[in-house]
Amino acid sequence: MTRDIYKELGVRTVINAAGTYTMVGGSRMSEETLEAMVSAARNHVVIKELQQKVHERLASITRNEAAFVTNGAAAALHIAGASSIAKKYGRPYPSLSPEQIAKSEIIVHRAHRNPYDWSLRLLNCRIAEIGFPNMILPTTEDDLEYAITENTAAVFYFFMPPGGWVAKGALSLEATISVASRHGIPVIVDAAAQVPPAETLWKITAMGAEACIFSGGKDLRGPQASGLMVGKKEFFSWVERTAFPTYGVGRMFKVGREEIVGLLAAVEQYVSMDGQERLQWAEDRIASAARAFDGSTMVSVERIYPNEAGQPFPQMAFRFNIPGCSEEVLRHLREGDPSIFTMAADGESVFVNPMTLRDHELDAIVERVKEIETVFLK
Ligand SMILES: *Cc1c(COP(=O)(O)O)cnc(C)c1O
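So, how was this worked out
Residues numbered from 1 in each chain as written. Predicted model: local features only at pLDDT ≥ 70, side-chain atom pairs only at ≥ 80, totals over all residues. Heavy atoms only, no water. Helix = DSSP H or I, 4+ residues; strand = E, 2+ residues; numbered from the N terminus. Rg over C-alpha atoms; globule rule 2.2 N^0.38 Å. Buried < 20%, exposed > 50% of the residue type's maximum accessible area, 1.4 Å probe, protein only. Contact = heavy atoms within 4.5 Å. Areas by Shrake-Rupley, 256 points an atom, 1.4 Å probe, with all protein chains shown as cover. Lys, Arg positive; Asp, Glu negative; His and termini not counted. Charge placed at Lys NZ, Arg CZ, Asp CG, Glu CD. Pairing = 2+ DSSP bridges. Axes fitted to C-alpha atoms, helices over the stretch in contact; angles between N-to-C directions. Near = heavy atom within 4 Å. Polar contact = N/O pair within 3.5 Å; in protein donor to acceptor, adjacent residues only side chain to side chain. Parallel < 35°, antiparallel > 145°, perpendicular 65-115°, else oblique. Left-handed = near helix turned anticlockwise from the far one by under 90°. Nonpolar A, V, L, I, M, F, W, Y, C, P; charged D, E, K, R; others polar.

J.: Teacher, can you tell me more about the overall build of the protein chain here?
T.: The helix and strand inventory of the protein chain stands at 14 helices and 13 strands. Rg of the C-alpha trace for the protein chain: 22 Å, near the compact-globule value of 21 Å for 378 residues, within the 12% margin. The buried share of the protein chain, taken over its 378 residues, is 51%. The contacts of the protein chain with a sequence gap of at least 6 include a subset with a gap of at least 24, amounting to 69%. Carbon and sulfur atoms make up 54% of the accessible area of the protein chain, which amounts to about 17,800 Å² in all. In the protein chain, which carries 39 positive and 46 negative side-chain charges, the distance between the mean positions of the two groups comes to 5 Å.

Here it is, written out as structure tokens:
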């Protein structure tokens, strides 16, 4: 493929040094995944038949009873929420009255509130909050127990290991599942960015969560507009009756055959990847970047582990010896050629996450930091 669509459009490409940030396109699909998508696009199929085959394979390779491909993790959250309300009434979601939906409750820790939970808020059910987003009075099992009523449809749980940006104060996932399952209430887990490690694909549901949700467009390296939901067969029978291609709420979250097939290809590659070898590659690259600034009075390289999403994967921060200069560094990175996109780590350093980078891009970043160093030393 020689066509350069971005050049034709006059849109510059950027080196993504930030990690799997959606605002720069998350991750990059492999050629193998792209090929699967192109092949899917060429012919028509009956979507339900394709879904059945793909979901069975996804369930099997992620060691789950069931799986479902959506058009993003945020969409999957909405579908899972709607499915839990349908399950509570034992009726298809579109057959429920606004009043029935409005009085349904999804329990959420205040420590787990985040901008992605609009997916639940838009269900127009009640969000029943528990606990506080700090450690003054950590949430107890009783707090969850008392919040469960005859209207409770689900407990939402935001899974992010320590070191990530989640607030403290919530119950552990184990305790949450143990209380909820005593009442027959499904636990829906948002683990959108929690691969690596690949084991998260089966560990959370093995603990007893009904559904665990992942973004297809982050480290799984599937299509940007894809999401993966895995979990228990009984719960997924409600998901299948709620999600695309069912009319109703699922129809707004159309997932194409290209995404369905692309995500399968990506997950197949992900679970067979040697995570240890990739980790070692990242460590080596960070060590070599650090060596490149040995003896510098202006720049040092700091290894950061886990990364800001709490993933057990190292990233680095280029730390400059000028207080508060990170915005200027970001500007130098962004405005150079090639343009380098990343985030400020703090007032004087910027993150470089190897996760989305290739060797030659890492070389280009080190080279650019050297140039910025020269500018600052003048
Ligand atoms: C990225 C992310 C999402 C949304 O994922 P999409 O696949 O982009 O819809 C939801 N929750 C969390 C915690 C995320 O990091």
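J.: Teacher, can you tell me more about the sheet that holds strand 3 (residues 105-109) here?
T.: Two orientations exist for strands paired in a sheet by backbone hydrogen bonds: parallel and antiparallel. Spatially, 2-8-7-6-5-3-4 is the arrangement adopted by the 7 strands of the open sheet, whose pairing is mixed. Every interior strand has two partners, whereas the edge strands, strand 2 (66-70) and strand 4 (126-130), have only one. Direction aside, the axes of adjacent strands within the sheet are offset by 25 degrees on average. As paired elements, strand 7 (residues 211-215) and strand 8 (residues 227-231) share 5 bridges and run antiparallel to each other. Within strand 8, the residue paired with Ala211 across the bridge is Gly231.

J.: Which parts of the structure should I look at to understand the site of the ligand?
T.: Taken together, Gly72, Ala73, Ala74, Tyr116, Phe158, Asp190, Ala192, Ala193, Ser215, Lys218 and Ser226 make up all the residues around the ligand. Contacts to the ligand include Ala73, whose backbone N or O atom sits 2.8 Å from an oxygen atom. Computed on the free molecule, the ligand has an accessible area of 390 Å², of which 89% lies beneath the protein chains in the complex.

J.: Any chance you could explain the packing of helix 3 (residues 47-61) against helix 11 (residues 257-272) here in plain terms?
T.: The angle between the axes and the distance between the axes are what describe a pair of packed helices. The interhelical angle for the contact between helix 3 and helix 11, taken along N-to-C directions, is 15 degrees, at an axis separation of 10 Å. Between helix 3 and helix 11, the angle is such that the two are roughly parallel. Seen along the crossing, helix 3 lies across helix 11 with a hand that is left-handed. Contact residues: helix 3 offers Ile47, Leu50, Gln51, Val54, Arg57, Leu58 and Ile61, while helix 11 offers Arg257, Ile260, Val261, Leu264, Val267, Glu268 and Val271. Classifying every residue of the contact of helix 3 with helix 11 gives 10 nonpolar, 1 polar and 3 charged.

J.: Mind showing me how you'd approach unusual backbone geometry here?
T.: Most peptide bonds take the trans configuration, and most residues that are not glycine carry a negative phi. Across the junction of Val195 and Pro196, the peptide omega takes the value 0 degrees, indicating a cis bond. The residue Pro196 is located in the loop between strand 6 (187-190) and helix 9 (200-206) in this model. Backbone geometry at Asn124 places phi at a positive 65 degrees, although glycine is not the residue there. Among the secondary structure elements, Asn124 is positioned in the loop between helix 6 (118-121) and strand 4. The phi dihedral of Arg221 is positive, around 60 degrees, even though this residue is not glycine. Looking at the element boundaries, Arg221 is found in the loop between strand 7 and strand 8. Taking relative accessible area as the criterion, Arg221 reaches 28% and is therefore assigned partly exposed.

J.: Is there a simple way to explain the side chain of Ser226 in this structure?
T.: On the secondary structure map, Ser226 appears in the loop between strand 7 and strand 8. Setting aside residues no more than four positions away along its own chain, Ser226 makes contact with Thr70, Asn71, Gly72, Ala73, Ser215, Gly216, Gly217, Glu259 and Leu263.

J.: Would you take a moment to explain the sheet that holds strand 13 (residues 349-352) for this structure?
T.: Pairing in this open sheet of 4 strands is antiparallel, and the strands run 9-10-13-12 from one edge to the other. The sheet terminates laterally at strand 9 (299-304) and strand 12 (344-346), the two strands that pair on one side only. Mean inter-strand twist for the sheet, computed between neighbouring axes without regard to direction, equals 35 degrees. Of the pairings in the sheet, the one linking strand 12 to strand 13 comprises 2 bridges and is antiparallel in character.

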